[in-house]
Amino acid sequence: MLTLAVIVLLWPQLTQGSDSLPVKVANAAVIGKLGSSVVLPCWLDPSLDISNMEIRWYRPHKFGKPVLFYRDHKVTTDLQEESYINRSALALREPQSAGLKVGDLSLRLDNLNTDDGGIFHCFVSGVSGYGSAATTLNILVQGSSPVLSVQFKDDFLNVSCSSCGWQPQPRIEWKSNRNTPFRPGGLVYSQAENKLTCVQSWALLSPSFHEVSCSLFITKGDERESTVDIQTISRLMVPAEDGSGFWKALFAVALLAALAMIGVGVFLYGKYKTGYMQAKADEEDQRKDEEDQRKDEEDQRKDEEDQLTVCSKPSITDLRKHAVNITLNSSNVYPDVFINSNRNVVRDRASAAENNKGPGFPYYLSVCGINSFTSGCAYWEVKLTAPSTKPKKSWLIGVTKASHYLNNDKNDLTPSKGFWFLCSDEETGIHINTEPEISLPVNPSLEVVGVFLDYEKGELSFYNAKKDVHLFTMKTKFQGEIVPFFNPGIGDKAPLTINLIESITESRGESAENASA
Ligand SMILES: *[C@@H]1O[C@H](CO)[C@@H](O)[C@H](O)[C@H]1NC(C)=O
Ligand SMILES: *[C@@H]1O[C@H](CO)[C@@H](O)[C@H](O)[C@H]1NC(C)=O
């Protein structure tokens, strides 16, 4: 028995010179994604029935501890390297392959980890001789969704994009309104301690740009992308009081479709053709020349764009076609909450202020709508003003998959726990409940908030409905029932009012009057 083992171990050495089996592998390295499965092709050409031979897949210097070991017509775990137990199998190099009968000894590896990167030897031996070949597996690791931040730099905006956790180095593509790629002003790659790559890039843009996106990818079609609407930001920025420069310096903003949320795919912003953007098209004329050069690339993308079936057209008029009358659910609400008999107005009672002297937002005052969504698109509007009061400062508007919420712990109110919302309080201003939380320099006197839910696309968009401005879109994956979620906050004169469909036109008229008054 011992002799047999020795012979097996020394087999390649002993049989040197009789390397007669024509083993072939892929010319290029095979790429496998972290956590997924991959097939390493290996076959005999000309083909030969190898089902009664011995097959071994092994890592360099680990002949005796194979990744996969096949003999006596079956795969055996006898000598197998422990880390490959239950993770390796013989596979077909193409679906129509007849496997071992035609000399196909390809290897499938599951649940790939970073240690799987490198060389694999594919070895087959029988009475007629042996043969082997080496193939390389590269493990692809997708990094985090890019984080976009915007700074004002003289009359320009410096938009920077950063992301970590990539292997190999990702490619970066900056795009603007019309999906036209442009060159960044700077691009730096660095390696983090975990050997994975970080990327940081920035672009200096004129405020005439609209939505700008930064897309990172190793293979095209598998992007991580974030978008920032710099027009909105510039419009919403507060001018400096001393008049030096247009904007308060360092009013840095990270405004992004928070792709890092649960199981998120790609947000191909370019597919998001908006009437709003088209209206801004004239501002683009100055960049016409540049664009013409890139026409071809653009045309290629057109096809992609057109494939999109949109029920979302981010202009308020179009969104209103999806309007839904939301009725507040008055059961299960906290005694500090008042809901009117029509169930379209919610506010804090006087007792709320007495019970809430501490800092922080009163999340427990939240109420849901009785409406729930499991598909399609829905739009509703929430008014933050009332006649002769200032707009509310303390409020929360969004959706949740929980049917009611009475807890006050902010950590329980994250996208991964089924909450997506925009929240405003004195302390942090207007912010999104992403992880981490992101602040928006939104005009604090926001009067009507439009909420657009596209269930299938996994998008929740917020609008300044009075000004027809898209604020931002959260990208996620909805599962199960989603219900509207509101919180009137504490201490404002104005309540939080749902604009009923019938009253939409009316209330907008009223807002316009207020504005002109
Ligand atoms: C492999 O799978 C079998 C059957 O599912 C299981 O009993 C065994 O514990 C697994 N071994 C390892 C090392 O994961
Ligand atoms: C833009 O911002 C990035 C990162 O914040 C910085 O490295 C770069 O120097 C800035 N560019 C300009 C022109 O200010």
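This is a predicted model, so every value here is computed, not measured.

Thresholds applied
Residues numbered from 1 in each chain as written. Chains lettered and ligands numbered in written order. Predicted model: local features only at pLDDT ≥ 70, side-chain atom pairs only at ≥ 80, totals over all residues. Heavy atoms only, no water. Pairing = 2+ DSSP bridges. Helix = DSSP H or I, 4+ residues; strand = E, 2+ residues; numbered from the N terminus. Salt bridge = Lys/Arg side-chain N within 4 Å of Asp/Glu carboxyl O. Buried < 20%, exposed > 50% of the residue type's maximum accessible area, 1.4 Å probe, protein only. Near = heavy atom within 4 Å. Polar contact = N/O pair within 3.5 Å; in protein donor to acceptor, adjacent residues only side chain to side chain. Nonpolar A, V, L, I, M, F, W, Y, C, P; charged D, E, K, R; others polar. Axes fitted to C-alpha atoms, helices over the stretch in contact; angles between N-to-C directions. Disulfide = S-S within 2.5 Å.

Undergrad: Can you explain the pairing of strand S17 (residues 197-205)? Please cite residues and give values.
TA: Across 8 bridges, strand S13 (residues 156-166) lies against S17 in antiparallel orientation. In the strand pairing of S17, Ser 163 is matched with Val 199. Direction of pairing for strand S16 (residues 186-191) relative to S17: antiparallel, over a ladder of 6 bridges. For Gly 186, the partnering residue across the bridge sits in S17 and is Trp 202. Turn length for the S16-S17 hairpin, with the two strands adjacent in sequence and antiparallel, is 5 residues, and the turn residue Lys 195 shows positive phi of about 75°.

Undergrad: Give me the pattern of salt bridges: which residues, what numbers.
TA: Counted by the stated rule, this structure contains 14 salt bridges. One salt bridge in this structure joins Lys 33 and Asp 222, with 2.9 Å as the shortest N-O distance. One end of the pair, Lys 33, is in strand S2 (residues 30-33); the other, Asp 222, is in the loop between strand S18 (211-217) and strand S19 (224-229), with 189 residues separating them in the sequence. Residue classification places Lys 33 among the partly exposed residues on the basis of a relative accessible area of 34%. Notably, a salt bridge pairs Lys 220 with Glu 223, separated by 3.8 Å at the nearest N-O pair. Look at Glu 223 and you get buried, because its relative accessible area is 8%. Put simply, Glu 173, Lys 220 and Glu 223 are held in one network by salt bridges that share partners.

Undergrad: Could you give an account of the site of ligand 2, naming the residues involved and the relevant values?
TA: In the vicinity of ligand 2, the contacting residues are Gln 151, Lys 153, Asn 158, Gln 200 and Trp 202. The contact in question runs from an oxygen atom of ligand 2 to an N or O atom on the side chain of Asn 158, over 2.4 Å. Taken together, the residues of the shell around ligand 2 sort by class into 1 nonpolar, 3 polar and 1 charged.

Undergrad: How would you summarise the sheet that holds strand S28 (residues 448-454) if you had to cite specific residues and measurements?
TA: Strand order in the open sheet made by the 7 strands is S20-S21-S32-S23-S28-S29-S30, with antiparallel pairing throughout. Of all strands in the sheet, those with a lone pairing partner are strand S20 (337-339) and strand S30 (469-475), marking the two edges. Here the average twist between neighbouring strands, direction ignored, is 20°.

Undergrad: Could you give an account of the state of the cysteines, with specific residues and numbers?
TA: Note: disulfide means a covalent bond formed between the sulfur atoms of two cysteine side chains. Per the stated rule, a full pass over the model turns up 3 disulfides. The disulfide bridge from Cys 42 ends at Cys 122, spanning 1.7 Å between sulfur atoms. A torsion of -75° about the S-S bond marks the disulfide between Cys 42 and Cys 122 as left-handed. Within this pair, whereas Cys 42 is found in strand S4 (residues 42-44), its partner Cys 122 is found in strand S10 (residues 118-126), the two being separated by 80 residues in sequence. Bridging Cys 164 to Cys 198, the disulfide has an S-S length of 2.0 Å. Every disulfide takes its handedness from the sign of the S-S torsion; for Cys 164 and Cys 198 that torsion is 110°, giving right-handed. With Cys 164 in strand S13 and Cys 198 in strand S17, this residue pair connects regions lying 34 residues apart in the sequence. Residue Cys 164 is classed as partly exposed on the basis of its relative accessible area, which comes to 38%.

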